[in-house]
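So the chains spell out like this:
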Amino acid sequence: MNNFQYYNPVRIVFGEGQIEQLSDLVPTDARVLITYGGGSAQRTGTLDEVKDALSASGNRTVFEFGGIEPNPEFVTLLKAADMVNEHNIDFLLAVGGGSVIDGSKFVALVASLTEEDGTVSRDQAWDALTSYCRNIDSAVDLGAVLTIPATGSEMNSGGVVNYSERQAKLPFGNPLAFPKFSILDPTKTLTLPERQVMNGVADAFVHVMEQYLTYPVNAKVQDAFAESLLKILIEEGPAVKKDPENMETRKNIMWTATMALNGLIGTGVPQDWTTHMVGHELTSLHAIDHARTLTIVLPSVMRELKESKKEKLLQYARNVWNLTDTDQDDDTIIETAIVNTENFFRELGLPVSLEDVDLDNAAIDPIIKQLEAHNMVKLGEHGKNDLDVSRRILDRAVTSKAS
Ligand code: NZQ
Ligand code: ZN
């Protein structure tokens, strides 16, 4: 196991009815900006519940900013950041999924990057984003009410912002962006369309894979934990599809998705975020849902990098898919594990090839160009996944081998 520091200050408040805890969690004299997405928080009544909880005690002043898009838009977020300054906001409360929480983290980080007229500087905010927001040293406090289990944003300090004008979807991370708390009420997920539930299961699955599927460093805790999370998702994904009202399933999916990307399984181990980085370009060029880009790319990453990931692929086959037939050769075992992974995604109604989303070979060149423009040229646990490797991954992704 490699050396590591593990730090996670996020208070998780889990369970039905826990939104009422906001009256204790948000400072009583705060000037709060509630941020939310395209309307689901209003439609489902969650926004009203949040406002009721905030007014149940104390002397808070509450403002609202709605309209944060899935794959949150840079330009929209700067409007929210201007609102933070205009109203002297000192607490951001994100109500939504990864997009709203990520977007609010970005707002929290860039709000102080102002021009002389007091508005947030587009140039400074863009510079900050292109350097992962690493150098920002102050941020507005932030809390979250999670409405879709998927990204883990509720318990990590990262995010992803989309800037359509520049065809860029870029990640950032800064310890100041850790939420002070996140409320996880699994009953809030009951209003999600099936597509979003399945996306969430797949996103969490791929988060675990990107921290697990590298090379062994004898990190037994991280490996066993990762394998358990994968097995839970393989069980609960189809279960929630079959029986969406089952609250026990909803609870387990919600907590699994949080644990998949709160830093714990990624400590002290190599990581490979190739699937995500290639996936981000697919979202920005073709508006494909984040999770669906991942289920398209991951099987090809597994096949293309089979040699360098061989030991972990065999471990994955053995411990996650129970492929223990010692008469089979390594290649057969690995290919079976990959096909099982594809079939799992397919069972959830997710694409596993470019063809599944009506793209073909012609889509590859523009993706490679964007990866180059975003300096995604040394991906993977060895930093060896250059543009040629990404091209071969995409070549493999055109058609699926799965039945
Ligand atoms: O916008 P509204 O109207 O709220 O609708 C949303 C949106 O259309 C809807 N929704 C959310 N909760 C709902 C609901 N509909 C009904 N009932 C509810 N309870 O679901 C749609 C998708 O929401 P979104 O927030 O976009 O989904 P998700 O949580 O999957 O977030 C995706 C974003 O997170 C980033 C992705 O790149 C993408 O931009 N990621 C963030 C990460 C992180 N911070 O660590 C890691 C991930 O890899 C990921 O990259
Ligand atoms: Zn993801």
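Bear in mind that the values here come from a model prediction, so they are computed numbers and not experimental data.

K.L.:
Describe the pattern of salt bridges, naming the residues involved and giving the relevant values.
P.N.:
Under the definition given, this model contains 17 salt bridges. The closest approach of N and O atoms between Asp289 and Arg195, which form a salt bridge, is 2.8 Å. Linking Asp289 in the loop between helix 10 (274-286) and helix 11 (290-304) with Arg195 in helix 7 (residues 194-212), this pair joins segments that are 94 residues apart in sequence. Taking the shortest distance from any N to any O, the salt bridge between Lys306 and Asp331 comes out at 3.6 Å. Taken together, the positions of Lys306 in the loop between helix 11 and helix 12 (310-319) and Asp331 in helix 13 (residues 330-347) put the pair 25 residues apart, joining distant regions of the chain. Lys306 gets classed as partly exposed once you look at its relative accessible area, which sits at 23%. You can call Asp331 partly exposed: its relative accessible area is 36%. Linked through salt bridges whose partners overlap, the residues forming this network are Arg195, Asp289 and Arg292.

K.L.:
Run through unusual backbone geometry, naming residues and quoting values.
P.N.:
For Ala287, which is not glycine, the phi torsion reads 55° and is therefore positive. Of note, Ala287 is situated in the loop between helix 10 and helix 11. Given a relative accessible area of 65%, Ala287 falls into the exposed group. One non-glycine residue, Asp358, lies in positive phi territory at about 60°.

K.L.:
Tell me about the environment of Pro9, and name the residues and values.
P.N.:
With respect to the secondary-structure elements, Pro9 resides in the segment before strand 1 (11-14). As for Pro9 and Asn156, which are separated by 147 residues in sequence, their C-alpha atoms are 9.1 Å apart.

Reading the values: the criteria
- Residues numbered from 1 in each chain as written.
- Chains lettered and ligands numbered in written order.
- Predicted model: local features only at pLDDT ≥ 70, side-chain atom pairs only at ≥ 80, totals over all residues.
- Heavy atoms only, no water.
- Salt bridge = Lys/Arg side-chain N within 4 Å of Asp/Glu carboxyl O.
- Helix = DSSP H or I, 4+ residues; strand = E, 2+ residues; numbered from the N terminus.
- Buried < 20%, exposed > 50% of the residue type's maximum accessible area, 1.4 Å probe, protein only.

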